Amino acid sequence: MRRLHRPLLASIALLSLAACAPAPIYQPAPDAVAAVPFEVARSPERFANGSVIWGGRVVGVDNLADRSEVEILAYPLDSSQRPKVGDSGNGRFIAVMHGFVEPMAYPDGALVTVAGRLNGSRAGKIGEADYVFPLVNVSQAHVWTAEEMQSGRNNVHFGVGVGVGIR
């Protein structure tokens, strides 16, 4: 009887841990591009019109007459499509949004995830350095709050020594 309880308890524990992680906010399209921005920048024609879900940190917002362009430093996404800022960057891209985007809604440094289609690239500069930015026509965008970035993260840590955690 005890042998039956162990697998059952282990299954319940695993399901409980999995339930803690929020679900992805966007569903990948069948033609989703598996490349990251710096790979797309090398050969944008190879990925033309592909669907992407990318995220990262807002670098700046440029409002034009008919659209807004948000420059984003890309990071890998976790299973909930939140940018993993502790990882190395994956290059930069420009999120092209129809109409006016309030810069205060996308402040410098904010973490975002966007879904959309690749629409070529544009040469530009980062400081004095030349750079090729992939362009993403955004269909959906989400700015992450601090609470959302923390939700679903495991607050149980194992280690040796003494520690204090205050939240």
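Quick look at the structure, then. Worth saying up front: this structure is predicted, and the values here are computed from it rather than measured. (Residues numbered from 1 in each chain as written. Predicted model: local features only at pLDDT ≥ 70, side-chain atom pairs only at ≥ 80, totals over all residues. Heavy atoms only, no water.)

Focus: the nonpolar core
- Grouped together as the largest cluster of nonpolar side chains are 21 residues, with contacts concentrated most on Phe93, Ala95, Met97 and Leu118.
- Contributing elements (two or more residues each) for this core: strand E1 (51–63), strand E2 (67–75), strand E3 (92–98), strand E4 (111–126) and strand E5 (129–143).
- Residues in contact with Phe93, not counting those within four places in the same chain, are Pro37, Trp54, Gly55, Val70, Glu71, Ile72, Ala74, Val114, Phe133, Pro134 and Val136. (Core = buried A, V, L, I, M, F, W, Y, C linked by side-chain atoms within 4.5 Å. Buried < 20%, exposed > 50% of the residue type's maximum accessible area, 1.4 Å probe, protein only. Helix = DSSP H or I, 4+ residues; strand = E, 2+ residues; numbered from the N terminus. Contact = heavy atoms within 4.5 Å.)

Structural notes on the sheet that holds E4
- An order of E1-E2-E3-E5-E4 is seen for the five strands of this closed barrel, with the pairing classed as mixed. Between one strand axis and the next, the sheet turns through 45° on average, direction left out of account.
- As paired elements, E2 and E3 share seven bridges and run antiparallel to each other. Bridging across to E3, Glu71 finds its partner in Ile94. (Pairing = 2+ DSSP bridges. Axes fitted to C-alpha atoms, helices over the stretch in contact; angles between N-to-C directions.)

Concerning unusual backbone geometry
- Of note in the backbone geometry, Asn49 takes a positive phi value of approximately 65° without being a glycine.
- If you trace the backbone, Asn49 turns up in the loop between helix H2 (37–42) and E1.
- For Asn49, a relative accessible area of 49% puts it in the partly exposed group.
- Phi is positive for Gln81, close to 70°, though the residue is something other than glycine.
- With respect to the helices, strands and loops of the structure, Gln81 is situated in the loop between E2 and E3.
- Look at Gln81 and you get buried, because its relative accessible area is 9%.

A look at the pattern of salt bridges
- A complete count under the given rule lists eight salt bridges for this structure.
- With its nearest N and O atoms 2.6 Å apart, the salt bridge here joins Arg117 to Asp31. Taken together, the residues span a long stretch of sequence, with Arg117 in strand E4 and Asp31 in the loop between helix H1 (2–20) and H2 at a distance of 86 residues.
- Note on Arg117: relative accessible area 31%, which makes it partly exposed.
- For Asp31, a relative accessible area of 34% gives the class partly exposed.
- Note that Glu71 is salt-bridged to Arg92, the shortest N-O span being 2.6 Å. With Glu71 in strand E2 and Arg92 in strand E3, the pair connects residues that are 21 residues apart, well separated along the chain. Arg92 matches Glu71 in its accessibility class, with the two residues each being buried.
- Salt bridges sharing partners connect three or more residues here, namely Asp66, Arg67, Glu69 and Arg122. (Salt bridge = Lys/Arg side-chain N within 4 Å of Asp/Glu carboxyl O.)

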